Amino acid sequence: MGSLKSFLKVFIKGYDQYKKLGGIAHFSIAQVSHGSILAGKKIIVTGGSEGIGLAIARKFLSEGAQVLIVGRNAEKLNRAKNELASGQLYLMQWDVSDFGSLNAKFQESVAQLGGLDLLVNNAAYFPSTLDETDWDKTISTNMKAPYFLCQAAVDYYLEHNQGRCSKIINISSLNSVQSYVHPYFVAKSGVNAITRGFAKKYAERNIVVNGIAPGHCASAVNYQDVSQNAYYRNALNKRIITPEEVAELACFLASDASNGIVGQTIFCDGGTSLL
């Protein structure tokens, strides 16, 4: 009788997930241990207190990097600090859309780390309305801030890194190639252009710039409990992307194993950009 009750409980839970999402999908992913492939790297990850940014920070730390995570919310930053529990982790409360403090905060972040080898532009803002205030906040956070942070990083690399390979990874989105009247889509399209532009201009100076465009991801914005059901009807492969999958790709791009990849925005979207 107990076994039957357990079966019915699992069945009902699964059926509820099916009704909610329209289907059922399960999957497995592997995380590669490279053996400290990022040892000695000093890395800033904006928007690093949750979601994709947190997964990237965790992966980078596991591969030996020193990582400074940037976030607007002090409580979320401290929660991330407790979760990651690493002596290689640094925190910076910083709203990257505040351009009055951008250069000073950037310099403060680099000083905390004692240098910089990689900037990950991940901070994002998705508006709840489409009024002018939200439009400005969306463009400022998702496009303007990455542009000026790229420039700040490049200036630092040229002055301090003496020609050794230095990197930028810009987190874009599947939305960057989709047609929709929304400032987030506009901003992420701009991020792709920023990636290509900086890559072309500075590749000869050994500064490598690339991007990652996740599809619908089980992050803080689109939270979905993938342990119960990973189904997502609008993806080509019918499942949601996980932050850990994005982090695996980011780790490869951050490492010296990928130095020949320049100016690319790589889609991690289950093939949905093919539609």
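Residues numbered from 1 in each chain as written. Predicted model: local features only at pLDDT ≥ 70, side-chain atom pairs only at ≥ 80, totals over all residues. Heavy atoms only, no water.

1. A word on the overall build of the chain
For the chain, the count of helices and strands is seven helices and seven strands. Helices and strands appear in the chain in the N-to-C order α-β-α-β-α-β-α-β-α-β-α-β-α-β. Taking 275 residues into account, the globule formula puts the C-alpha radius of gyration at 19 Å, and the chain, at 19 Å, falls close to it. A principal-axis box enclosing the C-alpha atoms of the chain has dimensions of 70 × 45 × 35 Å. Out of the 275 residues in the chain, the part that is buried amounts to 49%. Relative to all contacts within the chain whose residues are 6 or more apart in sequence, the contacts with residues 24 or more apart total 71%. Entry remark: accessible area of the chain is about 13,400 Å², with carbon and sulfur atoms responsible for 52%. Of note, the chain has its 26 positive side-chain charges centred 5 Å away from the centre of its 22 negative side-chain charges. (Helix = DSSP H or I, 4+ residues; strand = E, 2+ residues; numbered from the N terminus. Rg over C-alpha atoms; globule rule 2.2 N^0.38 Å. Buried < 20%, exposed > 50% of the residue type's maximum accessible area, 1.4 Å probe, protein only. Contact = heavy atoms within 4.5 Å. Areas by Shrake-Rupley, 256 points an atom, 1.4 Å probe, with all protein chains shown as cover. Lys, Arg positive; Asp, Glu negative; His and termini not counted. Charge placed at Lys NZ, Arg CZ, Asp CG, Glu CD.)

2. Details of the state of the cysteines
Under the criterion given, the structure shown has zero disulfides. Take C150: it sits in no disulfide, and the sulfur closest to it among the cysteines is that of C165, at 15 Å. The thiol of C165 is unpaired, and the distance to the nearest cysteine sulfur, on C251, comes to 14 Å. Relative accessible area serves as the criterion here: at 14%, C165 is assigned to the buried category. (Disulfide = S-S within 2.5 Å.)

3. Regarding the side chain of N170
Structurally, N170 can be placed in strand β5 (residues 166-171). Residue N170 is classed as buried on the basis of its relative accessible area, which comes to 1%. Side-chain polar atoms of N170 contact the side chain of N121, separated by 2.9 Å. Aside from chain neighbours lying at most four places away, what touches N170 is N121, C150, V191, I194, T195, V209, N210, G211 and I212. (Polar contact = N/O pair within 3.5 Å; in protein donor to acceptor, adjacent residues only side chain to side chain.)

4. So, the environment of G40
In this structure, G40 sits in the loop between α1 (2-21) and β1 (42-46). For the pair G40 and A74, spaced 34 residues apart in the sequence, the C-alpha separation amounts to 27 Å. Those residues in contact with G40 that sit more than four places away from it in its chain are G64 and D117.

5. A word on the environment of A203
Here A203 lies in the loop between α6 (183-202) and β6 (207-214). By relative accessible area, A203 is classed as partly exposed at 35%. Each C-alpha atom, one on A203 and one on H182, is 32 Å from the other, the two residues being 21 residues apart in sequence.

6. Quick word on the nonpolar core
Core analysis: the biggest nonpolar cluster contains 32 residues, and I56, F60 and V120 have the highest contact counts within it. Put simply, the parts of the chain that give this core at least two residues each are β1, α2 (51-62), β2 (66-71), α3 (74-84), β4 (118-121), β5 and α7 (243-254). Dropping the residues within four chain positions of it, V120 is found in contact with I43, I44, V45, T46, I56, F60, I169 and I171. Core analysis: the next-biggest nonpolar cluster, separate from the first, contains 28 residues, A123, A153, F198 and A199 among them. (Core = buried A, V, L, I, M, F, W, Y, C linked by side-chain atoms within 4.5 Å.)

7. Here we look at the pattern of salt bridges
Scanning all chains against the criterion turns up eight salt bridges. Measuring nitrogen to oxygen at the nearest pair gives 3.1 Å for the salt bridge that ties D117 to R164. Placement of D117 in the loop between α4 (102-113) and β4 and of R164 in the loop between α5 (132-160) and β5 is noted, with a sequence separation of 47 residues between them. D117 sits in the buried class, given a relative accessible area of 9%. Taking the relative accessible area as the measure of exposure, R164 reaches 42% and is therefore partly exposed. (Salt bridge = Lys/Arg side-chain N within 4 Å of Asp/Glu carboxyl O.)

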